[in-house]
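Each chain is listed here by its residues.
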Amino acid sequence: MRSLKRSGLAGAAVLLAASAVLAGCADDSEGGGGSAGGTSPGEGKAECEGLTEFGDLSGRDVTVYTSIVAPEDQPHIDSWKVFEDCTGADVKYEGSKEFEAQLQVRVQAGNPPDIAYVPQPGLLKNLVSTGKVVEAPEGTEANVDEFFGEDWKGYGSVDGKFYAAPLGANVKSFVWYSPSMFEENGWEIPETWDDMIALSDQIAQDGKIKPWCAGIESGEATGWPATDWLEDVLLRTGGPDVYDQWVNHEIPFNDPAVVEGLDTVGAILKNEEYVNGGIGDVKSIATTPFQEGGLPILDGECAMHRMASFYAANWPEGTKIAEDGDVFAFYLPAIGEDFGSPVLGGGEFVAAFSDEPEVQAFQTYLSSDVWANEKAKATPGGGWVSANTGLEISNLSSPIDQLSAEIFQDPDAVFRFDGSDQMPGAVGAGSFWTEMTAWIAQDQSTEDSLTKIEESWEE
């Protein structure tokens, strides 16, 4: 275990905050079981170097509520072990598939958990509006300032106040491909958007396979993969400021900048020469389950599939996901040099409903690079990454997770959260999905599609 000062669990601001928050923990009669002389349970243990600054939290419980259920919950539970061993606190995990609805019910009923892993900035804002979420302690804020970009901190803030540190993250700005197919054909991984389009043209002209395959069918959520396409491209054509204005409805949904973005998407997804490799024509995109959209790559029937890092779970069992494997991914290139390296993605945020010392200590632990590395080591099968720049990439076992971390740690990376997750539900999980589906399935025009979504947005 690295020292507190090296790990970011301290530094002058954090040490002062920890002292203020945790002073007297060892002597608090409610804590029960405090060790003699006020020493921490981790005193003298090498693995607890630094964590003793949290004081003796023996006998104190921290309840954590999340949407992450078995078996994905175990790595989280395992990642807390060092905190529990070194402070004496007991962290109790509860995961639920009904998390989002039940959390709001529990908050309104006055029975919230101590900590909740909130998956959307919009939900965080709703929770803060209840007055039940407490501001993050100074130690947590200091860690976020050190290990995360300003964009991430912004998503954990409401009305200029910082409430929730980022936790896990995912990258949506990926294009999946077959390394062996690229090598056999002498194709280079495109580093610019123009390179990617030139490669698409080359593959289309060769006529052996289609350059792209896609699927946006997802039951009642059909259309969401197409919304990701628009969000990713708008970040590249309009830039992060225009993207933020669009998400917050400070410009209309059918603003010319958004029209340009969707037309740029259409140059790929509505191009019969480009899609839908191994599946059908353009309209087949709307009826192809998103889980199956990229599978023709394995059959040599299409070359590229834009989809998030979590698509790794949809490749058939036994598929090797690596730079020298059956499939891998490359970063969806920027369009021009004006906006750095845009990254679209998602993640969770740690909101607290209590300012008790053990809760604030746990918040600070979760915002540190120590926790990020503990979580990586507790997830040997992969499928998890964080935008925490203190995360050592070598601790991630999955090549796609390692690539995601490299993208997050790129100093030129400009992160933006999934736009539809921040919009009103009637839009982000309603008209946006349905009109993007009509844009594909009915060949509805860009202008008509965006105008119908704009008309659905209630002020």
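Just so we're clear, the structure is a prediction, and the values are computed from it rather than from any experiment.

Draft legend 1. Structural view of a negative patch on the surface. Together, Glu188, Glu191, Asp194 and Asp195 make up a negatively charged patch on the protein surface. Tracing the backbone shows Asp194 in helix α10 (residues 193–206).

Draft legend 2. Local environment of unusual backbone geometry. Residues Ala70 and Pro71 are joined by a peptide bond in cis, for which omega reads 5°. Locating Pro71 in the fold gives a position in the loop between β1 (61–66) and α3 (73–79). Of the consecutive residues Val275 and Asn276, the connecting peptide bond is found in the cis state with omega at 5°. Turning to its location among the elements, Asn276 is positioned in the loop between α13 (256–269) and α14 (284–287). Unusually for a residue other than glycine, Asp159 sits at a positive phi of about 55°. Within the secondary structure layout, Asp159 lies in the loop between β4 (157–158) and β5 (161–162). Take Asp159: its relative accessible area is 79%, and that puts it in the exposed class.

Draft legend 3. Spotlight on the packing of helix α18 (residues 425–441) against helix α19 (residues 446–456). Between α18 and α19, whose axes approach to 9 Å, the crossing angle comes to 160°. Between α18 and α19, the angle is such that the two are roughly antiparallel. For the crossing formed where α18 meets α19, the hand is right-handed. Taken together, the residues of α19 that come into contact with α18 (itself represented by Val427, Ser431, Phe432, Glu435 and Trp439) are Thr446, Ser449, Lys452, Ile453 and Ser456.

Draft legend 4. Region of interest: helix α5 (residues 99–108). Along α5, the residues classified as buried are Phe99, Leu103, Arg106 and Val107. Taken end-on, α5 shows its buried residues confined to a sector of 100°, consistent with a single buried face. Phi turns positive, to about 80°, at Gly110, one or two residues after α5.

Draft legend 5. Highlighting the nonpolar core. The biggest cluster of nonpolar side chains holds 134 residues, and the ones touching the most others in it are Trp176, Trp246, Met304, Phe362 and Tyr365. No other element matches helix α11 (residues 224–237), which puts seven residues into this core. Not counting chain neighbours up to four residues away, the residues in contact with Met304 comprise Val175, Trp176, Phe182, Met196, Leu199, Ser200, Ile203, Pro211, Trp212, Cys213, Ile297 and Phe330.

Thresholds applied
- Residues numbered from 1 in each chain as written.
- Predicted model: local features only at pLDDT ≥ 70, side-chain atom pairs only at ≥ 80, totals over all residues.
- Heavy atoms only, no water.
- Patch = residues over 30% accessible without salt bridge, like charges linked within 9 Å, V, L, I, M, F, W, Y side chains within 5 Å.
- Areas by Shrake-Rupley, 256 points an atom, 1.4 Å probe, with all protein chains shown as cover.
- Salt bridge = Lys/Arg side-chain N within 4 Å of Asp/Glu carboxyl O.
- Lys, Arg positive; Asp, Glu negative; His and termini not counted.
- Charge placed at Lys NZ, Arg CZ, Asp CG, Glu CD.
- Helix = DSSP H or I, 4+ residues; strand = E, 2+ residues; numbered from the N terminus.
- Buried < 20%, exposed > 50% of the residue type's maximum accessible area, 1.4 Å probe, protein only.
- Axes fitted to C-alpha atoms, helices over the stretch in contact; angles between N-to-C directions.
- Parallel < 35°, antiparallel > 145°, perpendicular 65-115°, else oblique.
- Left-handed = near helix turned anticlockwise from the far one by under 90°.
- Contact = heavy atoms within 4.5 Å.
- Arc of directions from axis to C-beta.
- Core = buried A, V, L, I, M, F, W, Y, C linked by side-chain atoms within 4.5 Å.

No statement about biological role is implied by the geometric values presented.
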